[in-house]
Amino acid sequence: MTITRRGFLVASAAVAAVPVLRANAANLPREADIVVVGAGAAGIAAARRILATGRKVIVVEAASQIGGRCLTDSTTFDTPFDRGARWMHNPDTNPMIRLARSAGLDVLPAPSGQKMRIGRRNARAGETEQFLAALVRANRAIDEAARGKLDTSCASVLPKDLGDWAGAAEFLLGAGFAGKDLKELSAIDKGRAQDRNAAIACRQGLGTLIAKLGEQAPVALSTPASRIAWSNRDVSVETPAGKIAARAVIVTVSTNVLTSGAIKFTPDIPKRTLDAAAKLGLGSYDRIMLQLPGNPLGLSRDDILIEQSNSTRTGLMFANIGGSSLCSIDVAGAFGRELSEQGEKAMVAFAREWITKLFGSEAAAAVQKTSATRWNASPYVMGAMSAASPGGQLSRKVLAEPIGNVFLAGEATHETLWGTVDGAWDSGERAADAALRKIGALKDDTADVPTQSTKKRRAPRQ
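Residues numbered from 1 in each chain as written. Predicted model: local features only at pLDDT ≥ 70, side-chain atom pairs only at ≥ 80, totals over all residues. Heavy atoms only, no water.

Once that is clear, we can look at the overall build of the protein. Looking only at helices and strands, the protein has 14 helices and 22 strands in total. The C-alpha atoms of the protein give a radius of gyration of 22 Å, which matches the 23 Å a tight globule of 462 residues would have. Dimensions of the protein, computed from the C-alpha atoms along their principal axes, are close to 65 × 50 × 40 Å. Burial analysis of the protein (462 residues in total) assigns 57% to the buried set. Taking as baseline every contact in the protein between residues at least 6 positions apart, the subset at least 24 positions apart corresponds to 76%. A total of about 18,900 Å² of accessible surface is found on the protein, and carbon and sulfur atoms cover 51% of it. Within the protein, the 45 negative side-chain charges are centred at a point lying 3 Å from the centre of the 58 positive side-chain charges. (Helix = DSSP H or I, 4+ residues; strand = E, 2+ residues; numbered from the N terminus. Rg over C-alpha atoms; globule rule 2.2 N^0.38 Å. Buried < 20%, exposed > 50% of the residue type's maximum accessible area, 1.4 Å probe, protein only. Contact = heavy atoms within 4.5 Å. Areas by Shrake-Rupley, 256 points an atom, 1.4 Å probe, with all protein chains shown as cover. Lys, Arg positive; Asp, Glu negative; His and termini not counted. Charge placed at Lys NZ, Arg CZ, Asp CG, Glu CD.)

Structure, rendered in structure tokens:
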């Protein structure tokens with residue numbers, strides 16, 4: 001049976017009512033219409049799309065849980081927190097927000113502003129205005145460079161007179177935005193990134209949301225794909241639990257995993273694809289979690305705080321998460337990578353030093369339980385979000401190109417929402433549509449409804 005786009009959209013709405021048996025390595029099916037590799041946002045989106053057509057799909061996931069880079073930790077502290085992706089964006093077009101509400105989860109706008117700390121005091125109103133003006137000027141320079149014919153690094157086009165605000169501006173626009181310092185970041189890639197100011201949080205956590213949306217999908221956990229044999233007609237996916245024969249495969253692993261050789265392809269995937277993935281390597285972005293009972297910092301619920309820094313060796317604080325005593329200090333870019341490589345003990349030591357510098361030793365002494373993420377050391381992810389190196393922006397389109405019956409998805413394949421869970425979700429839906437068309441299970445009709453990626457986008461902020 002071939003389903004039309006109109007019929008598909010109706011079927012999609014009824015996915016939650018379809019009883020699907022969750023798979024595991026012990027009873028892994030030996031055949032499917034489509035195999036999805038990876039149970040992160042892209043993989044779950046793809047699986048839901050395929051299920052809506054009545055086709056047989058199996059998701060194989062190397063880790064022991066659904067979510068990929070969306071991982072909510074509900075056990076380390078009394079308050080759940082996201083170890084990976086924290087925000088959704090674009091509430092007018094993002095289907096995940098509607099799905100979250102339908103699943104009974106709470107979604108709410110992220111904090112609307114951020115506080116600036118200058119040494120041991122808060123920035124004055126005039127100083128904050130100066131910083132925001134510097135940030136706007138820096139962003140405008142990058143946007144102007146993005147309209148040029150030749151790509152360059154974001155750092156090379158920054159105004160030279162940002163003065164005392166240069167470090168904070170570079171951190172927020174580079175490491176804090178994409179996990180890479182501005183000298184490693186393509187101006188065109190950043191300039192074409194869709195506006196992400198309208199951030200939306202899920203109170204229960206984005207990892208909780210992805211796991212909830214994946215409840216109906218047949219997922220085999222702790223089942224890494226080791227080899228994919230492919231052609232224009234069919235595929236075979238090898239795992240420790242056996243082979244799965246299918247008509248197509250959707251691969252949603254990160255660019256770093258793809259280029260690491262952890263999954264062997266027979267025949268090899270084109271060098272063009274691997275080169276594209278290499279130009280979209282993952283940045284570094286980690287969280288140092290601190291329990292600070294009694295609010296010794298004097299900050300409000302969900303306050304976001306940065307410092308006036310003379311370099312990018314700094315952090316961003318998300319304080320009193322959800323009204324709790326839990327705070328995170330986010331570190332990213334080259335400094336964050338260096339700190340992560342030194343281990344959790346060094347990361348926590350930096351967090352204490354950072355708090356001491358801004359709030360005094362008594363505040364730092366109030367820190368109780370701690371935890372830290374180290375995404376670069378995660379063997380099934382190997383980093384944070386993709387970020388194009390100078391000259392690499394066109395690689396996103398290359399990475400999304402089908403390879404026989406192999407379809408790649410994930411945030412790295414999205415040209416404007418890269419680095420976001422919304423971009424990953426959208427890419428999974430698009431890859432599923434392409435795979436379904438390839439096997440003859442979906443054909444377009446005149447009632448085509450645009451996905452998030454094809455709706456009119458807002459122009460980059462100036």
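Read on, since the account is not over.
In terms of nonpolar packing, the biggest core is built from 44 residues, with Met88, Leu209, Ile210, Ile250 and Trp425 touching the most fellow members. Counting residues per element, the ones that place at least two in this core are β2 (34-37), α2 (41-51), β3 (57-60), α3 (95-102), β9 (200-202), α7 (206-213), β14 (248-251) and α14 (421-438). The element that contributes the greatest number of residues to this core is α2, accounting for eight residues. The next biggest cluster of nonpolar side chains, apart from the first, holds 40 residues, and it includes Ile142, Leu158, Ala178 and Leu185. (Core = buried A, V, L, I, M, F, W, Y, C linked by side-chain atoms within 4.5 Å.)

What follows is about helix α11 (residues 344-359). Each α-helix turn comprises 3.6 residues. Residues three or four places apart therefore point the same way. If you check α11, its first and last C-alpha atoms are 22 Å apart, about what 16 residues at 1.5 Å a residue would give, namely 22 Å. Those residues of α11 that sit buried are Ala346, Met347, Val348, Phe350, Ala351, Trp354, Ile355, Leu358 and Phe359. Where α11 ends, the next residue or the one after it, glycine 360, has phi of about 100°, a positive value. (Expected span 1.5 Å × (residues − 1).)

Attention now goes to the pairing of strand β18 (residues 316-319). The alternating pattern of β18 places Leu316 and Phe318 and Met317 and Ala319 on opposite faces, both of which are buried. Looking at chain direction, strand β17 (residues 303-307) and β18 are connected through three bridges and run antiparallel. Its bridge partner being in β18, leucine 305 is matched across the sheet by methionine 317. Summarising the sheet, β18 and strand β19 (residues 326-332) pair through three bridges and their orientation is antiparallel. Counterpart to methionine 317 in the pairing with β19 is isoleucine 329. Adjacent in sequence and paired antiparallel, β18 and β19 are bridged by six residues, among which asparagine 320 carries a positive phi angle near 50°. (Pairing = 2+ DSSP bridges.)

Another aspect to go through is the packing of aromatic side chains. Evaluation of the coordinates by the stated rule reveals five aromatic pairs. Between the aromatic rings of phenylalanine 335 and phenylalanine 350, the centroid separation amounts to 5.1 Å while the plane-to-plane angle is 70°, which identifies the pairing as edge-to-face. Note that phenylalanine 335 is positioned in helix α10 (residues 333-342) and phenylalanine 350 in helix α11, a separation of 15 residues in sequence. For the pair formed by phenylalanine 335 and phenylalanine 350, the shared burial category is buried. The ring centre of phenylalanine 177 lies 4.4 Å from the NZ or CZ of lysine 190, which sits over that ring. Against the face of phenylalanine 77 rests lysine 369, its NZ or CZ located 5.8 Å from the ring centre. (Phe/Tyr/Trp six-rings, centres within 6.5 Å; stacked < 30°, edge-to-face > 60°. Lys NZ or Arg CZ within 6 Å of the ring centre and 35° of its normal.)

Evaluation of the coordinates by the stated rule reveals 20 salt bridges. Arginine 83 is the partner of aspartate 73 in a salt bridge, and the nearest nitrogen-oxygen pair spans 3.0 Å. Of this pair, aspartate 73 sits in strand β4 (residues 72-73) while arginine 83 sits in the loop between β5 (81-82) and α3, and the two are ten residues apart along the sequence. We classify aspartate 73 as buried; its relative accessible area is 9%. (Salt bridge = Lys/Arg side-chain N within 4 Å of Asp/Glu carboxyl O.)

Here we come to the environment of glycine 336. Tracing the backbone through its elements, the reader meets glycine 336 in helix α10. On the basis of relative accessibility, which here comes to 0%, the residue glycine 336 falls in the buried class. Residues glycine 336 and arginine 374, 38 residues apart in the sequence, show an inter-C-alpha distance of 9.6 Å. Among residues more than four places away in sequence, those in contact with glycine 336 are Ser284 and Val331.

Bringing the sheet that holds strand β20 (residues 370-372) into the picture now. One open sheet accounts for seven strands, arranged β8-β7-β17-β18-β19-β16-β20; its pairing is mixed. Two strands in the sheet have a free side with no partner beyond their single neighbour: β8 (121-122) and β20. Relative to β17, strand β7 (residues 115-118) is paired through three bridges, and the arrangement is parallel. Note on β17: the bridge partner recorded for lysine 115 is leucine 305. Its contacts with the sheet place helix α5 (residues 166-178) against β7, β16 (285-291), β17, β18 and β19, and it is angled at close to 85° to β19. Contacts from α11 reach β7, β16, β17, β18, β19 and β20, with the element oriented near 65° to β16. (Axes fitted to C-alpha atoms, helices over the stretch in contact; angles between N-to-C directions.)

The next thing to look at is the pairing of β2. Side chains on a regular strand alternate between the two faces of the sheet. Burial along β2 is two-sided: Ile34 and Val36 and Val35 and Val37, pointing in opposite directions, are all buried. As paired strands, β2 and β3 are joined by four bridges and run parallel to one another. For isoleucine 34, the partnering residue across the bridge sits in β3 and is valine 57. Crossover handedness for the path β2 to α2 to β3: right-handed. By the bridge criterion, four bridges tie β2 to β14 in an arrangement that is parallel. Residue valine 37 lies in a different strand from β14, and its bridge partner there is valine 251. (Right-handed = clockwise from strand over helix to strand, strands pointing away.)

The values are spatial; any link to function lies outside them.
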